[in-house]
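# Inside the fold
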Amino acid sequence: MLQTVGKMHGSNQSGVSEFLLLGISESPEQQRILFWMFLSMYLVTVVGNVLIILAISFDPRLHTPMYFFLANLSFTDLFFVTNTIPKMLVSLQSQNKAISYAGCLTQLYFLVSLVALDNLILATMAYDRYVAICRPLHYTTAMSPGLCILLLTLCWALSVLYGLTHTLLMTRVTFCGSRKIHYIFCEMYVLLRLACSNTQVNHTMLIATGSFIFLAPLGFMIMSYVCIVRAILRIPSASSKYKAFSTCASHLTVVSLFYGTLCMVYLQPLQSYSMKDSVATVMYAVVTPMMNPFIYSLRNKDMHGALGRLLLGKAFQRLT
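Conventions and cut-offs
- Residues numbered from 1 in each chain as written.
- Predicted model: local features only at pLDDT ≥ 70, side-chain atom pairs only at ≥ 80, totals over all residues.
- Heavy atoms only, no water.
- UniProt positions renumbered as here; feature names shortened; annotations may be inferred.
- Helix = DSSP H or I, 4+ residues; strand = E, 2+ residues; numbered from the N terminus.
- Buried < 20%, exposed > 50% of the residue type's maximum accessible area, 1.4 Å probe, protein only.
- Contact = heavy atoms within 4.5 Å.
- Expected span 1.5 Å × (residues − 1).
- Bend = angle between axes of the 7 residues up to and from the residue.
- Polar contact = N/O pair within 3.5 Å; in protein donor to acceptor, adjacent residues only side chain to side chain.
- Pairing = 2+ DSSP bridges.
- Axes fitted to C-alpha atoms, helices over the stretch in contact; angles between N-to-C directions.

Labelled according to an unreviewed UniProt entry, the protein appears under the name Olfactory receptor, originating from Panthera leo. The protein has a UniProt comment under Function (unreviewed entry) that states "Putative odorant or sperm cell receptor." Checking UniProt for the protein, the heading Sequence similarities (unreviewed entry) contains the comment "Belongs to the G-protein coupled receptor 1 family."

Now the structure itself:
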């Protein structure tokens, strides 16, 4: 569908048949360094997230709502980096910077949808931690398998709708000037800056839908953790307090990293958006998905055990 729309608008309306993804640097020496750096980061991201998914899938002890959502977060991160980095690696290696109009729109669709999905899953994980700590007696019924699947389905539906909305709106935009994108992928703000038609509708929808998809979940997560902190502070045992805090620490770290890097890129006027922001974009598009498996596994004993059993099997069980 996106390819058909892309071809139609690419020939009749956009004025361009392809864009040039120039990336972070145009220096051949720096590009060689960037190729090996991004290849290494991509492989680490893929291996880390695949291990998280496999460990959760094959270990019955991790078949809980928290790890169910974590596995889906890892899948989203895996899909996210695969949408952008392989194309960039090919461009760096072949020096062919071109990406077709339809390919650019397809990349934009998955980028926008998966960022929204990441955000919504993080909000759902915050709700899971809220119920586990503030309503522990109701946890089994409040986080039933049926409800978990329903919440995840809702996250996917909203993300797909969000991505389609902005991608279809982008097909209305006319591009008749520069084709150069100083980024590692087709990014919403950069494409809007290249437009030579009226983009007021795009800006309005970005503000309206962005407030719902990103600010509302962020507000919900903040309120959830205010309640969680209050509940933890009422626990008399110091060891129980530490255990409760430790179950939330990984999620809070990921949320901080996700929103911190996202704000570096998008909390600024469109007119001030420049090539220096490509470094911040690399942070949320590459570094954050790579770090998530490490954050969730470093201090998590259950995850340590599951990964050990997955990789070492019976030898790990004898050691423990």
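Back to the text.
When its secondary structure is counted, the protein shows twelve helices and three strands. Residue burial in the protein is summarised as follows: out of 320 residues, 50% are buried. In the protein, once contacts between residues fewer than 6 apart in sequence are set aside, the share between residues at least 24 apart is 79%.

Compared with the 50 Å implied by 1.5 Å per residue over 34 residues, the 48 Å span of helix α8 (residues 200-233) between its first and last C-alpha is a close match. The largest bend along α8 reaches roughly 40 degrees and is located at S211.

Moving on to the side chain of N83. Here N83 shows up in helix α3 (residues 65-94). Within the structure, N83 has its side chain in polar contact with the backbone oxygen of Q107 (distance 3.1 Å). Beyond its immediate chain neighbours, meaning those up to four positions away, N83 contacts Q107, F110 and L111.

Another aspect to go through is the UniProt feature "transmembrane region" (unreviewed entry) in the protein. UniProt records the feature "transmembrane region" (unreviewed entry) at residues 33-58, 64-86, 98-122, 142-169, 207-233, 245-267 and 279-298, using the numbering of this structure. The distance from the first to the last C-alpha atom of residues 33-58 is 38 Å, and the span holds 100% helix and 0% strand. For residues 142-169, helix accounts for 93% and strand for 0%, while the C-alpha atoms at its two ends are 38 Å apart.

Our focus in this paragraph is the sheet that holds strand β2 (residues 98-100). As summarised here, the arrangement of the three strands in space is β2-β1-β3, forming an open sheet in which the pairing is mixed. Bordering the open sheet on either side are β2 and β3 (180-181), each of which pairs with just one other strand. In the sheet, strand β1 (residues 18-21) pairs with β3 via two bridges, with the strands oriented parallel. In the strand pairing of β3, L20 is matched with K180. Helix α4 (residues 101-134) contacts β1, β2 and β3 of the sheet and is inclined by roughly 80 degrees relative to β2.

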